[in-house]
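# Remarks on the overall topology
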Amino acid sequence: MVISRTRISTVLAASAAAAALVLAGCSDNDDMSGMQHDTSSSAPAASSAPAARTDFNDADVTFLQMMYPHHAQAVDMAKLVPSHSQNQQLLALAAEVEQAQAPEMQQITTLLQSFGKPAPTAGSGHGGHTMPGMMNPDQMTALQAAPGPDFDRQWLTMMIEHHTGAVAMAETELAQGANDESKALARSIIDSQRAEIDTMRGMLGQS
């Protein structure tokens, strides 16, 4: 069978054209990939850093930094009661102290972080000796060792002093602070702890 030169030329030309189209398509895809990559990499990153707050002063920070470890000690004292006392009124009061002050500690942490200040710890602040009403380690050890009714009496006496110190700190915040949330916390502390002081004084009178 004889194939004409014209037909051979036609077949070869068609094959070459098809190959050229394939190569052109690959080249276009590579170019598009490069364009897409360049576009995505050149997009500016969105900034998510919050603006720093300015609605507070040094008195607010001092109040919060001192009140956190102050509250932490009150919670520690409250946790001693179930294992040391059988006084139902004291057990109920200790539960109230823990339930009120533990959430306030979280509120203090959140406020300080929003001010750009480090999160407090139970041992932070300005040291126990500068915070009114704080018990020293010897007092806490003596309380843990006290038996029965003697524990009840010591706990009430110490917690009255502790609450009185917290009220004094809160009153200073109201007089010198600038942040509305910190001052609202101070008012709450004054109201709740004054009421508990009255209750504890009554309980001491009954013992």
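The following refers to the structure shown. (Residues numbered from 1 in each chain as written. Predicted model: local features only at pLDDT ≥ 70, side-chain atom pairs only at ≥ 80, totals over all residues. Heavy atoms only, no water.)

## Notes on helix H3 (residues 88–114)
Selection criterion: Here a helix means four or more residues in a row that DSSP labels H or I, a strand means two or more in a row labelled E, and each is numbered from the N terminus. Multiplying one less than the number of residues by 1.5 Å gives the expected span of a helix. Here's how the labels work: a residue is buried when its accessible area is under 20% of the maximum for its type, exposed when over 50%, partly exposed in between, all with a 1.4 Å probe on protein chains only. We call two N or O atoms a polar contact when they sit within 3.5 Å, provided that within protein one can donate a hydrogen and the other can accept it, with sequence-adjacent residues counted only if both atoms are side-chain atoms.
Between its first and last C-alpha, H3 extends 40 Å over 27 residues, near the 39 Å set by a 1.5 Å rise per residue. Leu90, Leu93, Ala94, Val97, Gln101, Glu104, Met105, Ile108, Thr109, Leu111 and Leu112 are the residues of H3 that are buried. Sitting at the amino-terminal end of H3 is Asn87, which places a side-chain oxygen 2.9 Å from the backbone nitrogen of Gln89. The positive-phi residue at the C-terminal boundary of H3 is Gly116, with phi of around 80°.

## Here's the deal with the packing of helix H2 (residues 58–84) against helix H5 (residues 148–176)
For clarity, the cut-off: To get an axis, fit a line to the C-alpha atoms, keeping to the stretch in contact for a helix; angles then go from 0 to 180 degrees between the N-to-C directions. We call two directions roughly parallel when the angle between them is under 35 degrees, roughly antiparallel when it is over 145, roughly perpendicular when it lies between 65 and 115, and oblique otherwise. Here a crossing is taken to be left-handed if its near helix is turned anticlockwise relative to the far helix by less than a right angle, and right-handed if that turn runs clockwise. Nonpolar residues are Ala, Val, Leu, Ile, Met, Phe, Trp, Tyr, Cys and Pro. Charged residues are Asp, Glu, Lys and Arg, and all others, Gly as well, are polar.
The N-to-C vectors of H2 and H5 enclose an angle of 165°; their axes lie 10 Å apart at closest approach. In this view, H2 runs roughly antiparallel relative to H5, as classed from their interaxial angle. Between H2 and H5 the crossing geometry is left-handed. Class assignment for the residues of the contact of H2 with H5 results in 16 nonpolar, seven polar and two charged.

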